[in-house]
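Close look at the chain arrangement
Residues per chain, in single letters:
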Amino acid sequence: VGTQNRSADESIGAPLERALRVRLQVFEATRVRFALVVLRVVRFEEIGAYYGAETAERLLSAVCRRGLRLLGPDAQHFFLPGGRVAFVFTTDGETARSGAGREASAARMDPYDVESLAMALARKACGHLVDGHRVECVVGWAAAPSDGLSADDLVYAAEAGAQSTAAFRRVAGSRVPVPDKTRAAVG
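Our subject in this report is the structure included herewith. Since the structure is predicted, the reported quantities are computational estimates derived from the model, not experimental observations.

The helix and strand tally for the chain stands at seven helices and five strands. Counting only residues that meet the buried cut, the chain has 42% of its 187 residues in that class. Within the chain, contacts between residues separated by at least 24 positions form 68% of all contacts whose residues are at least 6 apart in sequence. Accessible surface, the chain as shown: approximately 10,500 Å² in total, 51% of it carbon and sulfur.

Structure, rendered in structure tokens:
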């Protein structure tokens, strides 16, 4: 059973690895840099168990759609096991600037600053309730060439961040309104 699960996980990650290898070949030929961001929905399995698999899938799809809107037409997404979504996108030149959209330019994000872009992506993806459920994500990222020049290195760096709640901040959505009474007592 363990071997079957591992081979199923490897086949799910295969499209991501192929996309990274293609991007690495493009990088070697043109020097166009790119990044990998992995968002992991916290307690994804619990959401599936309590509210059903359809709700969990809708939540993951909503996170993906929100991320793609921010990153633009160059971005690719990949669903990974355990409530994770990987995004691969260009960080160089006009493609990245136009793909990042109005929100990124309004925040004056440097397209080379992958950490800021990853955190903005996580805030955007987890910014609203999905089917009445709060979405909380952990984000990890890697950039080529600074974090590696192989698909394995990039996946490892991004996955390590998405698994580490100590090293990387959680990004929670749906702010809880603070009552005026509380604000008056604090202020």
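That covers the picture; the talk isn't over yet.
Here we take up the pattern of salt bridges. Enumeration over the complete set of coordinates arrives at five salt bridges. As a salt-bridge pair, Asp74 and Arg23 come within 3.3 Å of each other at their nearest N and O atoms. Of this pair, Asp74 sits in the loop between helix H3 (53–71) and strand S2 (76–80) while Arg23 sits in helix H1 (residues 2–30), and the two are 51 residues apart along the sequence. Under the relative-accessibility criterion, Asp74 is labelled partly exposed at 23%. Assessed through its relative accessible area of 11%, Arg23 is described here as buried. Of the charged contacts in the structure, one is a salt bridge between Arg58 and Glu54, with a shortest N-O distance of 4.0 Å. One end of the pair, Arg58, and the other, Glu54, are both in helix H3, four residues apart, so they sit about a helical turn from each other.

Turning next to the packing of H3 against helix H5 (residues 114–125). In the contact formed by H3 and H5, the axes pass within 8 Å of each other and the chain directions differ by 135°. If you check the angle between H3 and H5, you find them oblique. Remark: the crossing between H3 and H5 carries right-handed chirality. Touching Val63, Arg66, Gly67, Leu70 and Leu71 of H3 are Leu117, Ala120, Leu121, Lys124 and Ala125, all from H5. Residue classes in the contact of H3 with H5 are distributed as seven nonpolar, one polar and two charged.

We now examine the packing of aromatic side chains. In the structure shown here, the tally under the stated rule is one aromatic pair. Taken together, a centroid distance of 6.5 Å and an interplanar angle of 70° make the contact between Tyr50 and Tyr51 edge-to-face.

With that out of the way, let us pick up the nonpolar core. One finds Leu39, Val41, Phe87, Phe89 and Val139 to be the most contacted residues of the largest nonpolar core, which totals 33 residues. Elements supplying a minimum of two residues to this core: strand S1 (34–41), helix H2 (44–51), H3, strand S3 (84–90), H5 and strand S4 (136–144). Look past the residues within four positions of Phe87 in its chain and what remains in contact with it is Ala35, Leu36, Val37, Leu39, Val63, Cys64, Gly67, Leu68, Leu71, Gln76, His77 and Leu121. Counting 18 residues, the second-largest nonpolar core is a separate cluster that includes Ala19, Leu20, Leu36 and Phe78.

What follows deals with the pairing of S2. Relative to S3, S2 runs antiparallel, the two sharing five bridges. Of the residues in S3, the one forming a bridge with His77 is Phe87. With antiparallel pairing between neighbouring strands as the criterion, S2 and S3 make up a hairpin whose turn holds three residues, including Gly82 at a positive phi of roughly 80°.

Attention now goes to the environment of Ser150. By secondary structure assignment, the location of Ser150 is in the loop between S4 and helix H6 (151–163). In this structure, the C-alpha to C-alpha distance between Ser150 and Leu20, residues 130 residues apart in sequence, is 8.0 Å. Here the side chain of Ser150 touches Asp153 through a polar contact of 3.1 Å, landing on its backbone nitrogen.

Attention now moves to H3. With 19 residues, H3 extends 27 Å between its outermost C-alpha atoms, agreeing within 8% with the 27 Å of an ideal straight helix rising 1.5 Å per residue. Turning to H3, its buried residues are Thr55, Ala56, Leu59, Leu60, Ala62, Val63, Cys64, Arg66, Gly67, Leu70 and Leu71. With its phi angle positive at about 95°, Gly72 sits one or two positions after the end of H3.

Here is what the cut-offs are and how they apply
- Residues numbered from 1 in each chain as written.
- Predicted model: local features only at pLDDT ≥ 70, side-chain atom pairs only at ≥ 80, totals over all residues.
- Heavy atoms only, no water.
- Helix = DSSP H or I, 4+ residues; strand = E, 2+ residues; numbered from the N terminus.
- Buried < 20%, exposed > 50% of the residue type's maximum accessible area, 1.4 Å probe, protein only.
- Contact = heavy atoms within 4.5 Å.
- Areas by Shrake-Rupley, 256 points an atom, 1.4 Å probe, with all protein chains shown as cover.
- Salt bridge = Lys/Arg side-chain N within 4 Å of Asp/Glu carboxyl O.
- Axes fitted to C-alpha atoms, helices over the stretch in contact; angles between N-to-C directions.
- Parallel < 35°, antiparallel > 145°, perpendicular 65-115°, else oblique.
- Left-handed = near helix turned anticlockwise from the far one by under 90°.
- Nonpolar A, V, L, I, M, F, W, Y, C, P; charged D, E, K, R; others polar.
- Phe/Tyr/Trp six-rings, centres within 6.5 Å; stacked < 30°, edge-to-face > 60°.
- Core = buried A, V, L, I, M, F, W, Y, C linked by side-chain atoms within 4.5 Å.
- Pairing = 2+ DSSP bridges.
- Polar contact = N/O pair within 3.5 Å; in protein donor to acceptor, adjacent residues only side chain to side chain.
- Expected span 1.5 Å × (residues − 1).

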